[in-house]
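Working through the structure, step by step
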Amino acid sequence: MCYHARMRFRPPALRSMPAYQRQVCLFLLPYALGTLVLTVLPALATLVIAFTRYQAVSPPTWVGLENWQRALRSPYIRTVLHNSFFFLALAVPLRLLGALLLALLLQRRGRLFGLYRAAIYLPTVIPEAAYALIWMWILNPLYGPLNLVLRGLGLPAPAWLAEPWSARLSIVIISLFQIGEGFVVLLTGLQNIPRSYYEAAAVDGASRWQVFFHITLPLLAPWLLLLVLRDLIVSLQNTFAPSFIMTYGGPGFATTFLPLLVYELAFDVVDLGLASATLVLACALIGLTALGIWNILSGLRRQE
């Protein structure tokens, strides 16, 4: 009787599911609720605030497209967009290439290789503030170890964080050591390629480059595309801590990227409407960039 009573009060969708699927849904429920409360609702609120004038001390006022027009006319925001796309154009390909090369070198099994893999993944789990402070010491132009090594080799030692071009390049260099997640993904992709393909290629007398370009690279293409789309978003988000702690956007706004710009507009200027519009505009531009990359790669695969 109790069993039938419980079944009566269950939703029809749950009643028709096997027991295992119901358990999976129950385990996923906290994650779904967290995503709704912490991601979906704030995103919708940001989209609404982008159409208002809101300084946090008074109720928001609907202004339509005014914030978007201010964002597109602002030379400062255009400079920040240029900095952000410069960073993405350098950091994303280099991070992807580094993760791929390391995965190819360390795909063999062994205790020593496991130690190397752990060393590659370690910078990814260091807290962002601590990671930025470590690099602030490394890049110090007077007593930083990087410049000491360069001077010892007789090479020029730049004032890394004091000049615009080197400061912007420093943020790119910092991001190149946090490739542990991409490295693990590509290592998994390499280990999922059947060994029989390589054995057949060896029998046919294929060289290493032929094996790489005709077997490894095509079979890794979905994994590489996943990492490109992920890095377009994650890499730019990860610029906030280095630019905030190490340079605060300087010198001369050279290291002011979109996350820091949104923070300044929201909490320094207290213009939440313009900050929200800038954030939505940035997300739209990154989404269009990702869609363009997807269409280009899809077209290349269709031509093959």
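Please refer to the structure placed before this passage.
Quick caveat, the model's predicted, so the values are computed rather than measured.

**Things to note about the nonpolar core**
Residues Phe-87, Trp-135, Leu-139, Ile-174, Leu-236, Met-246 and Leu-258 are the most contacted members of the largest nonpolar core, which totals 39 residues. At the level of secondary structure, the elements contributing two or more residues to this core comprise helix H4 (66-73), helix H5 (75-105), helix H7 (128-138), helix H9 (164-175), helix H12 (208-237), helix H14 (258-268) and helix H15 (272-303). Discounting residues that sit within four places of it in the chain, Trp-135 has contacts with Ile-173, Ile-174, Phe-177 and Met-246.

**Remarks on the pattern of salt bridges**
Taken as a whole, this structure holds five salt bridges when the rule is applied. With a shortest N-O distance of 3.0 Å, Arg-53 and Glu-66 are connected by a salt bridge. With Arg-53 in strand S1 (residues 52-53) and Glu-66 in helix H4, the pair connects residues that are 13 residues apart, well separated along the chain. Judged by relative accessible area, Arg-53 falls into the partly exposed class, the value being 34%. Judged by its relative accessible area of 27%, Glu-66 is partly exposed.

**A word on the packing of aromatic side chains**
What characterises a pair of aromatic rings is the spacing of the ring centres plus the angle enclosed by the ring planes. Within this structure, the stated rule accounts for 13 aromatic pairs. The interplanar angle of 50° and the centroid separation of 5.5 Å between the aromatic rings of Phe-51 and Trp-68 together place this pair among those described as tilted. On the criterion of sequence distance, the pair formed by Phe-51 in the loop between helix H3 (19-49) and S1 and Trp-68 in helix H4 is long-range, its members being 17 residues apart. A relative accessible area of 21% means that Phe-51 is categorised as partly exposed. We classify Trp-68 as buried; its relative accessible area is 17%. Between the aromatic rings of Tyr-263 and Phe-267, the centroid separation amounts to 5.3 Å while the plane-to-plane angle is 45°, which identifies the pairing as tilted. In this pair, Tyr-263 and Phe-267 are both assigned in helix H14, four residues apart and thus about one turn of the helix distant. Site record: aromatic cluster; members linked through ring pairs are Phe-240, Phe-244, Tyr-248, Tyr-263 and Phe-267. It is Arg-168 that lies over the ring of Phe-86; its NZ or CZ is 5.3 Å from the centre.

**Examining helix H13 (residues 240-247)**
Considered for burial, the residues of H13 that qualify are Ala-241, Pro-242, Ser-243, Met-246 and Thr-247. Buried-residue contacts for H13 involve H7, H9 and H14. Immediately beyond the C-terminal end of H13, within one or two residues, lies Tyr-248, with a positive phi of roughly 50°.

**Here's the deal with the side chain of Thr-52**
Mapped onto the fold, Thr-52 is located in strand S1. On the accessibility criterion, Thr-52 (7% relative accessible area) is buried. From its side chain, Thr-52 meets the backbone oxygen of Ile-49 in a polar contact 2.8 Å long. Among residues more than four places away in sequence, those in contact with Thr-52 are Pro-60, Thr-61, Trp-62, Val-63, Asn-67 and Gly-273.

**A word on the packing of helix H11 (residues 195-203) against H12**
Direction vectors running N to C along H11 and H12 enclose 170°, while the axes themselves pass 11 Å from each other. In terms of their interaxial angle, H11 and H12 are classed as roughly antiparallel. Relative to H12, the crossing made by H11 is right-handed. Together, Tyr-197, Tyr-198 and Ala-201 of H11 and Val-211, Ile-215, Thr-216 and Leu-219 of H12 make up the contact between the two elements. For the contact of H11 with H12, the per-class residue count stands at six nonpolar, one polar and no charged.

Reading guide: rules and limits
- Residues numbered from 1 in each chain as written.
- Predicted model: local features only at pLDDT ≥ 70, side-chain atom pairs only at ≥ 80, totals over all residues.
- Heavy atoms only, no water.
- Core = buried A, V, L, I, M, F, W, Y, C linked by side-chain atoms within 4.5 Å.
- Buried < 20%, exposed > 50% of the residue type's maximum accessible area, 1.4 Å probe, protein only.
- Helix = DSSP H or I, 4+ residues; strand = E, 2+ residues; numbered from the N terminus.
- Contact = heavy atoms within 4.5 Å.
- Salt bridge = Lys/Arg side-chain N within 4 Å of Asp/Glu carboxyl O.
- Phe/Tyr/Trp six-rings, centres within 6.5 Å; stacked < 30°, edge-to-face > 60°.
- Lys NZ or Arg CZ within 6 Å of the ring centre and 35° of its normal.
- Polar contact = N/O pair within 3.5 Å; in protein donor to acceptor, adjacent residues only side chain to side chain.
- Axes fitted to C-alpha atoms, helices over the stretch in contact; angles between N-to-C directions.
- Parallel < 35°, antiparallel > 145°, perpendicular 65-115°, else oblique.
- Left-handed = near helix turned anticlockwise from the far one by under 90°.
- Nonpolar A, V, L, I, M, F, W, Y, C, P; charged D, E, K, R; others polar.

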